[in-house]
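Next come the chains, spelled out residue by residue.
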Amino acid sequence: MAYKHLIVETHEKVGVIFFDRPEALNALCEELVQELGQALDIFEDDSNIHVIVLTGSHKAFAAGADIREMQSKTYVSAYMEDFITQGWERVTQCRKPIIATVAGYALGGGCEMAMMCDFIIAGDNAQFGQPEITIGTIPGAGGTQRLARYIGKSKAMDMCLTGRMMDAEEAERCGLVSRVVPAGQLKGEDIKVASKIASFSLPVTMMAKEAVNQAFETTLTSGLKFERRVFHATFDLEDRREGMSAFVEKREPNFKN
Ligand code: CAA
């Protein structure tokens, strides 16, 4: 499928979606977000794809929602079209593991979109920020909520109230990103990490993702109960039998998903 603002590639079991709107530093216009929803639908429907990578260019993951598109909106028009909901939330509904790999700017909606993914790998030139306050608004795609959960209240307040940018080193130190690699190696490194995940049983990776996400949605007791049930459920999987048998027999497992 051809897209106007995306480039889509597959690397064996890994589906990669590049934002490709260089003239606007990959600002997330409505058409781009709609295309993103379509690309995610296709990868989720494709049983050969186990892991999705969402990425941008060396200069920008995405510099935010498109300010030119937002400029003339009113409260009523934003409310009636449920702005920043359709398409955007498709990322959070993705059941397969989805990794954001960020080089350059991840600002406003770009930072929020990266945080909707399961984890973030950053190039050492990455710059994260929620600069909405500098243009008279506040984060609207989860920035006030997800950033506070990722990095705590003090840093989230600092970012949202000053609009400052955070570099990759600080982002790793405070838990926003899982690892930092030289920006020039980001492309190979993301496929390597995604391929590692894709080498495991697909249903098990999906269950692990669902269980970790419960930690953000429920109490510890309910989350632990959810985890225990899913853990028990894995005992019915052929891939669980294969994984444990392979360990005992000192051989590589052959997962069949
Ligand atoms: N929307 C629309 N266009 C954007 C954009 C955005 N978010 N960010 C950058 N662009 C465009 C610029 O208008 C410019 O286009 P022209 O060449 O046609 O003028 C082009 O991308 C290159 O940008 P700059 O010339 O500004 O590049 P720079 O290197 O000097 O600065 C930058 C880079 C610091 C990222 C700067 O572009 C910037 O501050 N961008 C806006 C960041 C921002 O405020 N993001 C939050 C948006 S609001 C939001 O996302 C709401 C939400 O929560 C969902």
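The structure we're discussing is the one just above.
Residues numbered from 1 in each chain as written. Predicted model: local features only at pLDDT ≥ 70, side-chain atom pairs only at ≥ 80, totals over all residues. Heavy atoms only, no water.

### Points about the site of the ligand
Quick note on the threshold: Whether a residue is near a molecule or strand depends on its heavy atoms: it is near if one of them lies within 4 Å of it. Here a polar contact is recorded for every N or O atom pair within 3.5 Å, except that within protein the pair must consist of a potential hydrogen donor and a potential acceptor, and residues adjacent in sequence are included only if both atoms are side-chain atoms. Accessible areas in this description were obtained via Shrake-Rupley with a 1.4 Å probe; residue shielding takes into account the shown protein chains only. Only DSSP runs of H or I reaching four residues or more are called helices, and only runs of E reaching two or more are called strands; each is numbered from the N terminus. Throughout this entry, Asp, Glu, Lys and Arg are counted as charged residues, while Ala, Val, Leu, Ile, Met, Phe, Trp, Tyr, Cys and Pro are counted as nonpolar. The remaining residues, Gly among them, count as polar.
By nearness alone, 23 residues border the ligand, and Ala65, Gly109, Glu112, Glu132 and Gly140 come closest of all. A distance of 2.9 Å separates an oxygen atom of the ligand from a polar atom in the backbone of alanine 65. Between the ligand and isoleucine 67, the relevant distance is 2.9 Å, taken from a nitrogen atom to a main-chain nitrogen or oxygen of the residue. The fraction of the free accessible surface of the ligand (980 Å²) that becomes covered by protein chains is 65%. Element by element, the count of residues in the shell around the ligand is highest for helix H2 (residues 67–70), at three residues. Here the residues of the shell around the ligand are counted per class, giving 14 nonpolar, four polar and five charged.

### Observations concerning the environment of glutamine 145
Let me state the cut-off plainly: Buried residues are those whose accessible area, probed at 1.4 Å on protein chains only, stays under 20% of the maximum for their type, while exposed residues exceed 50% and partly exposed ones sit between those limits.
Mapped onto the fold, glutamine 145 is located in helix H6 (residues 143–151). Relative accessible area serves as the criterion here: at 46%, glutamine 145 is assigned to the partly exposed category. Taking the C-alpha atoms as reference, glutamine 145 lies 21 Å from leucine 54; in sequence the two are 91 residues apart. Side-chain polar atoms of glutamine 145 contact the side chain of threonine 144, separated by 3.0 Å.

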